[in-house]
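One-letter residues, chain by chain:
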Amino acid sequence: MNSPQLSQTHTVRGSYVDGGWRQSAGGIRSINCPADGTHVADVAECTSADAEAAVASARKAFDDGGWPGTPELERGAILLRVAGLLQRDKAGYAAAEALDTGKRLVEAEYDIDDVIACFRYYGSVAGTDAGRVIDTGRPGAISRVVHAPVGVCGLITPWNYPLLQASWKVAPALLAGNTFVLKPSELTPSTSILLMDTLREAGVPDGVANLVTGTGPEVGAVLSSDPRIDLVSFTGGLETGKRIMVAAAETVKRVALELGGKNPNVVFADADREAAIDNALTAVFLNSGQVCSAGTRLIVEESIHEEFVAEVVRRARQIRLGGPFDQEAQTGPLISTAHRDKVHAYVQAGVAEGARLLCGGFIPDTPELGRGSFYPPTVLDGCKTSMRVVQEESFGPVMTVETFTTEEEAVRLANDTVYGLAGAVWTADASKAQRVSEALRHGTVWINDYHPYVPQAEWGGFGQSGNGRELGLAGLAEYRETKHIWQNISPGPSHWFEPSQAGVQQ
Ligand SMILES: NC(=O)c1ccc[n+]([C@@H]2O[C@H](COP(=O)([O-])OP(=O)(O)OC[C@H]3O[C@@H](n4cnc5c(N)ncnc54)[C@H](O)[C@@H]3O)[C@@H](O)[C@H]2O)c1
Ligand SMILES: C[N+](C)(C)CC=O
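What counts as what
Residues numbered from 1 in each chain as written. Chains lettered and ligands numbered in written order. Predicted model: local features only at pLDDT ≥ 70, side-chain atom pairs only at ≥ 80, totals over all residues. Heavy atoms only, no water. Helix = DSSP H or I, 4+ residues; strand = E, 2+ residues; numbered from the N terminus. Contact = heavy atoms within 4.5 Å. Lys, Arg positive; Asp, Glu negative; His and termini not counted. Charge placed at Lys NZ, Arg CZ, Asp CG, Glu CD. Near = heavy atom within 4 Å. Polar contact = N/O pair within 3.5 Å; in protein donor to acceptor, adjacent residues only side chain to side chain. 1 Å grid on protein atoms, 1.4 Å probe; cavity = no way out; pocket = protein on both sides within 12 Å on 5 of 7 lines; lining within 4 Å. Sits in = over half its atoms within 2 Å of the grid points. Nonpolar A, V, L, I, M, F, W, Y, C, P; charged D, E, K, R; others polar. Domains from an automatic or database assignment. Areas by Shrake-Rupley, 256 points an atom, 1.4 Å probe, with all protein chains shown as cover. Points joined across faces, edges and corners; volume = space filled by probe spheres on them.

> Residue-level account of the overall build of the protein chain, with values.
If you tally the helices and strands in the protein chain, you get 15 helices and 21 strands. Sequence separation of 24 or more characterises 72% of the internal contacts of the protein chain that already satisfy a separation of 6 or more. One finds the centroid of the 43 positive side-chain charges in the protein chain at a distance of 3 Å from the centroid of its 61 negative side-chain charges.

Written as structure tokens, this is what we have:
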């Protein structure tokens, strides 16, 4: 009764535990599309008891040893099958993602492509790294450093790229031989729910993959505190990340945090003007700014500031908002009216602190947009680094503009944030591009580009953007323990405590 369908509305009354759907004693949350309030799904608001049952299932599956003992090449083959099934079911996944988030269907389709790429990547690195053999300098000893799975993983994900962020955890966790409990955002659970059936169809054994839907304080808290969990990997906001780190400290869990950013987009006067303007818009207004790496801080050389910003504003005003299936829409709504009101409050705070509002900055009330939680592309000029709207993540379509006159000043402004997730530098001067990219204290730096990421390259933040890495080989290492195995192939006594010639003292 509980198995979800790849249809536009579904009801899921429980958690996915030990290979099946179990009814929850908790309530039901109605998932509605943020573009117009359309009812999308009814999903269980699981309880802490449901979360504990899911943890028990994952613990048992790990301790039984079946999955950790499965050859890595076989686990990799299952991941490749997952990629194939996602490709087969891409249309249903993309529709579910678009309806939950309100993002355009085409963007949801790109996201599912990226999910598939992630499973393919980790499937393809299977069996390529069995550790190292160490030269100990001792002829009778074989010394190896090998990998072992960490154990049971709690995986907690946000609402802005629901399945993509889940895949960056699920794929490497499975490849490394771990079992897990996934908790998607309570606002966008649909594609994570669908994933459970896909994993099962691909051959993931019962108990290895588990899922609980529901809120952070109720079910997420179990995943960050339960002693049976060995690792908690979290993607979400800074304040939640801090809470999770504190909760995990009690049982010294491994903690991986992928948090927010206030990402600088640095434009020098010699940059390709058309490319820099076009990408300045995409940097911040893609997915209506609900991107951890959004280039919210435009830091532009003073000599081109006026002309550059005027053109950005002219184009920003023309960006068309609309729902997932609106063919004319260029970007969608914010995730909720509560989130939209938070973004609006940040804009108002910026204006109160002296920023000049050049476009946007209002809540649309047209019949078309008034039913959803839309917010227009907004540009605030004359910003100072000290302003809250520059320092704190509003997580909306809000560009703040600062100016610089020297390369050193540009770098100083770009690094003046507690975060350090991503940033870009635009210049035609290759040496300057190298110098600035090396000076930026951010986990990803793009030169004359914005936003690309690939599963082969690590993703993560400096500073309070988090710790650990996702994607790439470091993203796999997060889910591996390192073990040193020493073997003496010609054992004999060490003679350390042999009685001395002088005799034994009693
Ligand atoms: N660095 C990255 O790669 C990356 C990627 C996507 C999003 N993000 C960040 O995510 C944030 C937006 O997502 P959000 O609003 O869903 O974040 P959030 O912190 O509100 O929630 C994230 C997840 O944590 C859960 N949660 C909340 N309280 C919890 C608790 N006490 N214990 C355990 N779990 C709890 C939520 O239910 C949700 O599943 C932004 O800050 C964005 O920058 C970062
Ligand atoms: C990590 N990324 C860029 C896919 C989404 C961030 O919110």
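> Could you give an account of the site of ligand 1, with specific residues and numbers?
Residues in close proximity to ligand 1 total 28 residues, the closest being T157, E186, T240, L259 and E393. One of the backbone nitrogen or oxygen atoms of G236 is found 3.4 Å away from an oxygen atom of ligand 1. The contact in question runs from an oxygen atom of ligand 1 to an N or O atom on the side chain of E393, over 2.6 Å. Put simply, ligand 1 lies in the largest pocket. Of all the secondary-structure elements, those providing two or more residues to the shell around ligand 1 are α7 (216-225), β11 (231-235) and α8 (238-249). Residues of the shell around ligand 1, tallied by class, amount to 12 nonpolar, 11 polar and 5 charged. Shared between two domains, the shell around ligand 1 holds at least three residues of each, these being domain 1 (15-259 + 466-486) and domain 2 (264-454).

> Lay out the site of ligand 2 in plain terms, naming residues and giving numbers.
Close to ligand 2 lie N160, Y161, L164, Q165, W168, V291, C292, S293, Y453 and W459. In this structure, C292 approaches ligand 2 through a main-chain N or O atom, which is 2.7 Å from an oxygen atom. About the coverage of ligand 2: the protein hides 97% of its 250 Å² of free accessible area. In this structure the site holding ligand 2 corresponds to the second largest pocket. Here the shell around ligand 2 spans two domains, and each of domain 1 (15-259 + 466-486) and domain 2 (264-454) adds at least three residues to it.

> How would you sum up empty space enclosed by the protein? Please name residues and give values.
Counted under the stated rule, the structure contains 4 cavities of 30 Å³ or more. Space inside the largest cavity adds up to approximately 50 Å³. Around the largest cavity, the lining residues are G261, K262, N263, G289, V291, C292, A294, T296, E393, S394 and F395. Taken together, the residues of the lining of the largest cavity break down into 4 nonpolar, 5 polar and 2 charged.

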